[in-house]
Amino acid sequence: MEFSIKALAPESARGCVVLGVFGAGAARELTAPARRVDQKTKGALTKALHDLPAKTGATLLLRELPGIVAERVLLVGLGERAEFGEAAFRDAVRGAAAALKELGAREAALHVADVRVGRRHVSWNVRHAVLGMREAFYRFDQLKTQKKAPAPALESVVLPLSPGAPLQAALKEASATADGVDLARTLGNLPPNVCTPAYLAAEAQRLARQFKLGLEVLERRDMEKLGMGALLAVTRASHQPPKLIVLRYQGGAKSRKPIVLVGKGITFDTGGISLKPAGEMDEMKFDMSGAGSVLGALRALAGMRAPVNAIGIIPTCENMPGGAATRPGDIVTTLSGQTVEILNTDAEGRLILCDALTYAARHDPEAVVDIATLTGACVIALGHVASGLWANEQRLADELRAAADDAWDRVWQMPLWEDYQEQLRSNFADFANIGGRPGGSITAASFLARFTRKLRWAHLDIAGTAWKSGREKGSTGRPVPLLVRFALRHAGRK
């Protein structure tokens, strides 16, 4: 799908022209491009408005109207003008994309891209129009033997705006971000017998070759020499060898310290000896979504040649039961030298992350952000709308919150007070790996905080946002847009 920005009158657009309509019922209001088409077609749009459902994102297709070039006109509801904002814009784009996909259109002109969204610059519209269209057309069917006959692909989408350097930059960023999101989604959707730690390492190698990135993959023996006792404890019962992937992108000045993104890469999580319930355990293939988002973000930054330095660190392994598995009550020594009593082997993500975070400090980072499907408690607290955010510095938290708002990949900041550390107390080790049910997502972050006291560090718990369940089950690719925006804003591109 090729996107372009150019000045284009709606009556001259080819293929299918997408036009916005505000309001409902008798109070319908056509946007300026829609009014222009209405005039050219002698009021054909006005006559058809009563057939357009009132819901934001609802669509109505009109064919072969006189006086314009386009064979088809797609009207899309924008909701009430007074209430129009980011969510309504994204709903309208998604509604239009779904209709275009069903229609099988090859060319489209998206004449809703210039509708003002609050105080947002039009470059925001460009980014979210591209991401919304690409999201709707994403498809994962490579493992099906009887594939549905694909509809004719949408080959070109015109965003009818006045061309300029800021908008072209936004378009380049959006396309690269969408590529990164697609990668993260595909890695998440792959089954765990395919997407193993070795597969993630091979994917990192492919990205390194494609974009000339630096790559290092640490094997089990390397982790043993380093003393990564927590990470190795998680992988003991698995037949899949663990990997620690270090992927480097340098687009900024050599003197500039890198941002380090650390992604949890549990390619399948049974819970280990603390075995999970059988229901929906298949979704534990998504437990590597943090790793997928790091690879997706690095792919996006490299693809747009962003002026940033970024390092992705991915500890990846399986968490399996078995005779060699770590037991509740075992005590391990982490790379930092601190000892941990493992009271629950299903709290494994924090164990692989703590060693990876200690390792991240060796790269003298400007800031470290870890991304993990860490706790079910975060899902209970925030549902599937916002990711949880913890940080040991408020300025870093504010940067991430601003980037999340810009990307509409939203987060909610949670407390990281020392009071919660008491719940991790252990009689036999420096501390335990769980703190009981109260504040479960907070005590998980508090555990990680013990390994990041000398770092500018933030933690994103994406357990509720990394994938969807039910009929629409699949990876979302979040929080790739957030991570990309954070890196770019951190480099001064706001």
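Position labels on residues start from 1 in each chain and follow its written sequence. With pLDDT at 70 or above as the cut-off, local features in this predicted model cover only qualifying residues; side-chain atom pairs require 80 or more to be listed or tallied, and sums for whole chains, interfaces and linings still use all residues. Side-chain metrics rest on all non-hydrogen atoms present in the structure, leaving aside hydrogens and water.

Let us look at helix 12 (residues 394–407). Each helix is a run of H or I in the DSSP string that is no shorter than four residues. Each strand is a run of E no shorter than two, and both are numbered from the N terminus. To estimate how far a helix should reach, multiply one less than its number of residues by 1.5 Å. Under the 1.5 Å per step criterion, the end-to-end length of helix 12 is 20 Å for 14 residues, consistent within 8% with the ideal 20 Å. All of the buried residues along helix 12 are Leu396, Ala397, Leu400, Ala403, Ala404, Asp406 and Ala407. Among the residues trailing helix 12, Trp408 stands out with phi positive, at a value near 55 degrees. For every residue, the accessible area (1.4 Å probe, protein chains only) is compared with the maximum for its type, and the residue is labelled buried under 20%, exposed over 50%, or partly exposed between those bounds.

This part is about the packing of aromatic side chains. Two descriptors summarise a pair of aromatic rings, namely the distance from one centre to the other and the angle between the planes of the rings. Whether two aromatic rings pair depends on their centres lying within 6.5 Å, for rings of Phe, Tyr and Trp, where Trp uses its six-membered ring; planes under 30 degrees apart make the pair stacked, over 60 edge-to-face, and the rest tilted. Summed over all chains, the structure comprises 7 aromatic pairs. Aromatic side chains Phe431 and Phe447 sit 5.5 Å apart centroid to centroid with 75 degrees between the ring planes, which places their arrangement in the edge-to-face category. Linking Phe431 in strand 18 (residues 431–432) with Phe447 in helix 13 (residues 440–449), this pair joins segments that are 16 residues apart in sequence. The same class applies to Phe431 as to Phe447, namely buried. Relative to Phe451, the ring of Phe431 has its centre 5.8 Å away and its plane inclined at 75 degrees; by these criteria the two rings are edge-to-face. Linking Phe431 in strand 18 with Phe451 in the loop between helix 13 and strand 19 (457–461), this pair joins segments that are 20 residues apart in sequence. Overall, Phe431 belongs to the buried group, its relative accessible area being 0%. One aromatic cluster in this structure is built from Phe431, Phe447 and Phe451. The residue whose ring lies beneath Arg410 is Trp408, and the NZ or CZ to ring-centre distance is 4.4 Å. A ring is considered to have a charge above it if a Lys NZ or an Arg CZ atom is located within 6 Å of its centre and within 35 degrees of its normal.

A few words on empty space enclosed by the protein. Each cavity reported here is a set of points on a 1 Å grid over the protein atoms alone in which a 1.4 Å probe fits but cannot get out, each pocket an open set with protein on both sides within 12 Å along at least five of seven lines, and each lining residue one with an atom within 4 Å of a point. Grid points are joined across faces, edges and corners, and a volume is the space filled by probe spheres set on the points. Under the criterion given, the structure shown has 4 cavities of 30 Å³ or more. A volume near 80 Å³ is recorded for the largest cavity. Along the wall of the largest cavity there are 14 residues; nearest its centre are Ala233, Val234, Asn319, Thr326 and Thr345. By volume, the second largest cavity is sized at about 70 Å³. Lining the second largest cavity are Gly252, Arg256, Lys257, Pro258, Ile259, Pro307, Val308, Asn309, Glu366, Ala487, His490 and Ala491. Ten residues, namely Ala, Val, Leu, Ile, Met, Phe, Trp, Tyr, Cys and Pro, are considered nonpolar, four, namely Asp, Glu, Lys and Arg, are considered charged, and the remaining ones, Gly among them, are considered polar. Here the residues of the lining of the second largest cavity sort into 6 nonpolar, 3 polar and 3 charged.

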